[in-house]
Amino acid sequence: MKSPPLTAQQLAVEIIVPARNEADRLPEGLAALCAKAATLPLSVAILVVDSGSTDSTADVVRRWPAGPVPVGLLRCDRPGKGLAVRAGLLATQAPFVGFCDADMATDLSALDVATRLLVAGHQVVIGSRGLRESVVQSRSSLARRAGAFVFRAVAASIVADSTDTQCGFKFFDGPLARMAAGSLRTAGFAFDVELLEACLRLGATVTEIPVQWRDVTGSTFSVSRHSAAVFRGLGSIWLRSLAETVSGRNEDPTTEASPAAYAGWAMPVASAKLTSDGAAS
Ligand SMILES: Nc1nc2c(ncn2[C@@H]2O[C@H](COP(=O)(O)OP(=O)(O)O)[C@@H](O)[C@H]2O)c(=O)[nH]1
Ligand SMILES: [Mg+2]
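Owing to the predicted nature of the structure, the values given are computational and were not obtained by experimental measurement. (Residues numbered from 1 in each chain as written. Chains lettered and ligands numbered in written order. Predicted model: local features only at pLDDT ≥ 70, side-chain atom pairs only at ≥ 80, totals over all residues.)

Student: What exactly am I supposed to notice about helix H3 (residues 81-90) here?
Tutor: Residues spaced three or four apart along an α-helix face the same direction, because each turn holds 3.6 residues. With nine of 10 residues buried, H3 lies mostly within the body of the structure. Along H3, the residues that are buried comprise Lys-81, Gly-82, Leu-83, Ala-84, Val-85, Arg-86, Ala-87, Gly-88 and Leu-89. Of the surrounding secondary structure, the elements contacted by the buried residues of H3 are strand E1 (13-19), strand E2 (44-51), strand E3 (71-76), strand E4 (96-100), helix H6 (174-182) and helix H7 (191-201). (Buried ≥ 20, exposed ≤ 12 C-beta atoms within 10 Å, placed from the backbone. Helix = DSSP H or I, 4+ residues; strand = E, 2+ residues; numbered from the N terminus. Contact = placed C-beta atoms within 7 Å.)

Spelled out as structure tokens, the structure:
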């Protein structure tokens, strides 16, 4: 018998999956995410945000069979991973939210750790491929690795002490993420930096967790097509961040952790914490 859909009040975690032309990779990724989410002691719903797809990505989601983890579809008119994640986050209502890539390049064991930390009161929990305990299988080209090196250096000057702003696995206190998403302007792949910077500016701390990450063939990122826009986006974020720091503008801190409705479910993990003044603990 099909169970009735969860109401917004019952939902604990909403996971956004941005997807552009992912008809090939999404079925496997979504199946893995649903299977993992069903093992969590929290109710989870998945929202795939499709934009700019010219393949049957949306049909994959529309035809997704009903199961314990509901899978919804949101369509965006304008392409760009940043716009898609922003729209997805703004459409959520759950106390905890997050996003992961359609290829599930980050091993989903990180979901256990991330949700435990959120429940324990951590406001932003992000996967990092740069921590000592992380295991990374990467097949990227030399050009992409060189670009990533420069990107990381600039990003670390905006999100102090971050070891990896670009891992597509990030989870948040829901109200915080919705507030941070509202101010996002970066349409493309550099949006993660702006999102983290917005969370820090709102007074949150960022907890990095090590991940097991593998390159999955079929990347939608092209060094030749996307690099210029990525660095333009990063430059704009840097300038805005500088201007806001100089003008002393700060949002109202709104970052009380969600009610500890699931208290007692915490576990020590290897992690690093980033704060708005750049202190890592
Ligand atoms: N909705 C949407 N998703 C996108 C867009 N561009 C990239 N994505 C998604 O962003 C995620 C990360 O992209 P991916 O191709 O795995 O990049 P890589 O791992 O950095 O090589 C995937 O789920 C993509 O489908 C876009 O324009 N719109
Ligand atoms: Mg990927």
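Student: Looking at this model, I keep getting lost on the pairing of strand E7 (residues 169-173). Mind explaining?
Tutor: Along any regular strand the residues' side chains alternate between the sheet's two faces. Most of E7 is tucked away, with five of its five residues classed as buried. Examined bridge by bridge, E4 and E7 share five bridges and lie antiparallel to one another. Note that in E7 the partner of Cys-100 across the bridge is Phe-169. (Pairing = 2+ DSSP bridges.)

Student: Any chance you could explain unusual backbone geometry here in plain terms?
Tutor: The phi torsion at Met-104 lies on the positive side, around 50 degrees, for a residue other than glycine. We classify Met-104 as buried; it has 22 C-beta atoms within 10 Å. One non-glycine residue, Asp-161, lies in the positive phi region at around 70 degrees. Following the sequence through the fold, Asp-161 ends up in the loop between helix H5 (142-158) and E7. By C-beta crowding, Asp-161 is classed as partly exposed, having 15 other C-beta atoms within 10 Å.

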